Amino acid sequence: MSTSTVTGADVFGTPVPVLSYSPVVLSVPGRPVDLQVRVSAPATGTGLAVILLSHGHGPSNNLSSLNGYAPLVDLWAAHGFVVIQPTHLSSRTLSHLVADAPGAPFFWRSRSEDMSHILDRLDMIEKAVPLLSGRIDHTKVAVAGHSFGGFTSSLLLGARVTDPEEGGEVSLLEPRIKAGVLLAAPGRGDVLDGPMADALPVFRTIDFSTMTTPALVVAGDEDDSRHFTDMGPDWHADPYTLAPGPKTLLTLFGAEHGLGGIAGYDAAETTDENPERVAVLARLTAAYLRTQLHSGAPTWQAACEALTTDPDPAGRVESK
């Protein structure tokens, strides 16, 4: 599929240079180490919307941190978003420091709480980053997450879980987040039968019926996560299937868990490396969030029309 088909220069405009600044260090009471974030922003523009990006738990040492996901971050920022990437406590870059901390090694609750801490300090972050002060619209906030980051994002969008240690339902809904993008996120818990199921018992309890915030769910039709379930690629569509609307599902043809290589440029763990797929995905997600956060923006409709009329489409879209 031609990436120019989906970019729609008349819709997105010309990409601008990107400023990236890290680390911005936030001291959070009770957190075993400071919260560090990377901020990427367009060099020009005001009234900028924010995307909070939650990294996954992949095998690389450094991509699951504020240093990952450049193929998405670079395009999102070039087209008008401020992208804020925390290093969650689950990152391998921190494992030597937090191995014995409560919640280790996955820190499922802390990951979502990181995003609320960032929003609490958004004024401070904006002032700390050179040339960014006064350019953010604090009312326009979205969350995106890949894999384990998709689970994190699901909770912020309203999905609930039962704490496997303490019992009781947990809601980490963040009302300041107006829209979300779930990238190869985990699905329902009642089908978990793989070796990772016992390592993350919280995954067994997720309830998508309360995930009411608008979201785009992205699933690869060859993303077969056997380490969690033998349900097949449809498992990753569950956040769309089981959540109430408004929701949209983007199914990427031929995509595996790396969705073409979104976690980093030339990443060894990407089993389906496809730079064209990544470019299409980056533009489609940017178009979706532009329309969700800027009322009346035609970007998503235009991108969907380009996708459906392409003779060799990268995927298909359905909504409810």
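Because the structure is predicted, anything quoted here is derived from the model rather than measured.

**Q** How should the overall build of the chain be read in this particular structure?
**A** Along the backbone of the chain there are ten helices and eleven strands. For 320 residues, the compact-globule formula gives about 20 Å, and the C-alpha radius of gyration of the chain, at 18 Å, lands near that figure. Along the first, second and third principal axes, the C-alpha set of the chain runs to 50 × 45 × 35 Å. Across the 320 residues that make up the chain, the buried fraction comes to 57%.

**Q** It is not clear to me how the pattern of salt bridges should be interpreted in this structure. Could you clarify?
**A** A complete count under the given rule lists ten salt bridges for this structure. Put simply, D114 and R31 hold a salt bridge, and the shortest N to O gap is 3.0 Å. Of this pair, D114 sits in helix α5 (residues 108–120) while R31 sits in the loop between β1 (18–26) and β2 (35–42); the two residues are 83 residues apart in sequence, bridging distant segments of the chain. The pair D114 / R31 is uniform in exposure class, with both members buried. For the salt bridge of K140 with D137, the shortest nitrogen-to-oxygen distance reads 3.0 Å. Comparing K140 with D137, the two get one shared label, buried. Look at the salt bridges and you will find they share partners, linking D120, E174 and R176 into a network.

**Q** Explain the packing of helix α3 (residues 70–78) against helix α9 (residues 275–293) here, please?
**A** How two helices sit against one another is set out by the angle between their axes and by the gap between those axes. In contact at an axis separation of 9 Å, α3 and α9 are set at 45 degrees when each is read in the N-to-C sense. Of the possible angle classes, the one that applies to α3 and α9 is oblique. For the pair α3 and α9, the sense of crossing is right-handed. On the side of α3, the interface is formed by P71, L72, L75 and W76, while α9 contributes V278, A282, R283, T285 and A286.

**Q** It is not clear to me how unusual backbone geometry should be interpreted in this structure. Could you clarify?
**A** Working note: non-glycine residues mostly have negative phi, and peptide bonds are mostly trans. The omega torsion of the bond from A104 to P105 falls at 0 degrees, within 30 degrees of zero and hence cis. With respect to the helices and strands, P105 occurs in the loop between α4 (95–98) and α5. Even without glycine at this site, Y69 takes up a positive phi of about 60 degrees. Tracing the chain through its elements places Y69 in the loop between β3 (48–54) and α3. A positive phi angle, close to 60 degrees, is found at S147, a residue other than glycine.

**Q** Looking at this structure, how should I read helix α10 (residues 299–309)?
**A** One turn of the α-helix equals 3.6 residues, which is why residues spaced by three or four share an orientation. Listing the buried residues of α10 in full gives T299, W300, A303, C304, A306 and L307. Around the axis of α10, the buried residues are gathered within 160 degrees of arc, so they sit on the same side. Residues of α10 that are exposed and point more than 90 degrees away from the buried face comprise Q301, T308 and T309.

**Q** Help me understand the nonpolar core, please; the structure alone is not making it clear to me.
**A** When a protein is soluble and globular, its nonpolar side chains tend to lie buried together. Among the nonpolar cores identified, the biggest contains 53 residues, and V39, L52, V82, I84, W108, I118 and F151 are the most heavily contacted of them. Apart from residues lying up to four places away in sequence, V82 is in contact with V39, S40, A41, L48, A49, V50, I51, L132 and I136. Counting 42 residues, the second-largest nonpolar core is a separate cluster that includes L183, Y288, L289 and L293.

**Q** Any chance you could explain the side chain of S154 here in plain terms?
**A** Relative to the elements of secondary structure, S154 occurs in helix α7 (residues 148–156). Polar side-chain contacts of S154 include one of 2.9 Å to the backbone oxygen of G150.

**Q** What should I look at first to understand the packing of α9 against α10 in this one?
**A** α10 packs onto α9 with a crossing angle of 145 degrees between their chain directions and a minimal axis gap of 7 Å. Residue-level inspection shows L284, A287, Y288, R290 and T291 of α9 in contact with α10, the latter providing T299, W300, A303 and L307. In the contact of α9 with α10, the residues fall into six nonpolar, two polar and one charged.

**Q** Teacher, can you tell me more about the packing of aromatic side chains here?
**A** Two measures describe an aromatic ring pair: the distance that separates the ring centres and the angle between the ring planes. Enumeration according to the criterion identifies seven aromatic pairs in this entry. With a centroid separation of 6.1 Å and an interplanar angle of 75 degrees, the aromatic rings of F106 and F148 are classed as edge-to-face. Taken together, the positions of F106 in the loop between α4 and α5 and F148 in helix α7 put the pair 42 residues apart, joining distant regions of the chain. For the pair formed by F106 and F148, the shared burial category is buried. Residue placement shows R111 over the ring face of F148; its charged tip is 4.2 Å from the ring centre.

**Q** Explanation requested: the pairing of β3 in the structure shown.
**A** Most of β3 sits inside the fold, with seven of its seven residues counted as buried. Neither face of β3 is exposed, since L48, V50, L52 and S54 on one face and A49, I51 and L53 on the opposite face are all buried. When β3 meets strand β5 (residues 136–146), the two strands line up parallel, connected through six bridges. Counterpart to L48 in the pairing with β5 is I136. Note: β3 against strand β4 (residues 81–86), four bridges, orientation parallel.

Conventions we followed
Residues numbered from 1 in each chain as written. Predicted model: local features only at pLDDT ≥ 70, side-chain atom pairs only at ≥ 80, totals over all residues. Heavy atoms only, no water. Helix = DSSP H or I, 4+ residues; strand = E, 2+ residues; numbered from the N terminus. Rg over C-alpha atoms; globule rule 2.2 N^0.38 Å. Buried < 20%, exposed > 50% of the residue type's maximum accessible area, 1.4 Å probe, protein only. Salt bridge = Lys/Arg side-chain N within 4 Å of Asp/Glu carboxyl O. Axes fitted to C-alpha atoms, helices over the stretch in contact; angles between N-to-C directions. Parallel < 35°, antiparallel > 145°, perpendicular 65-115°, else oblique. Left-handed = near helix turned anticlockwise from the far one by under 90°. Contact = heavy atoms within 4.5 Å. Arc of directions from axis to C-beta. Core = buried A, V, L, I, M, F, W, Y, C linked by side-chain atoms within 4.5 Å. Polar contact = N/O pair within 3.5 Å; in protein donor to acceptor, adjacent residues only side chain to side chain. Nonpolar A, V, L, I, M, F, W, Y, C, P; charged D, E, K, R; others polar. Phe/Tyr/Trp six-rings, centres within 6.5 Å; stacked < 30°, edge-to-face > 60°. Lys NZ or Arg CZ within 6 Å of the ring centre and 35° of its normal. Pairing = 2+ DSSP bridges.

So yeah, pure geometry; function would need other evidence.
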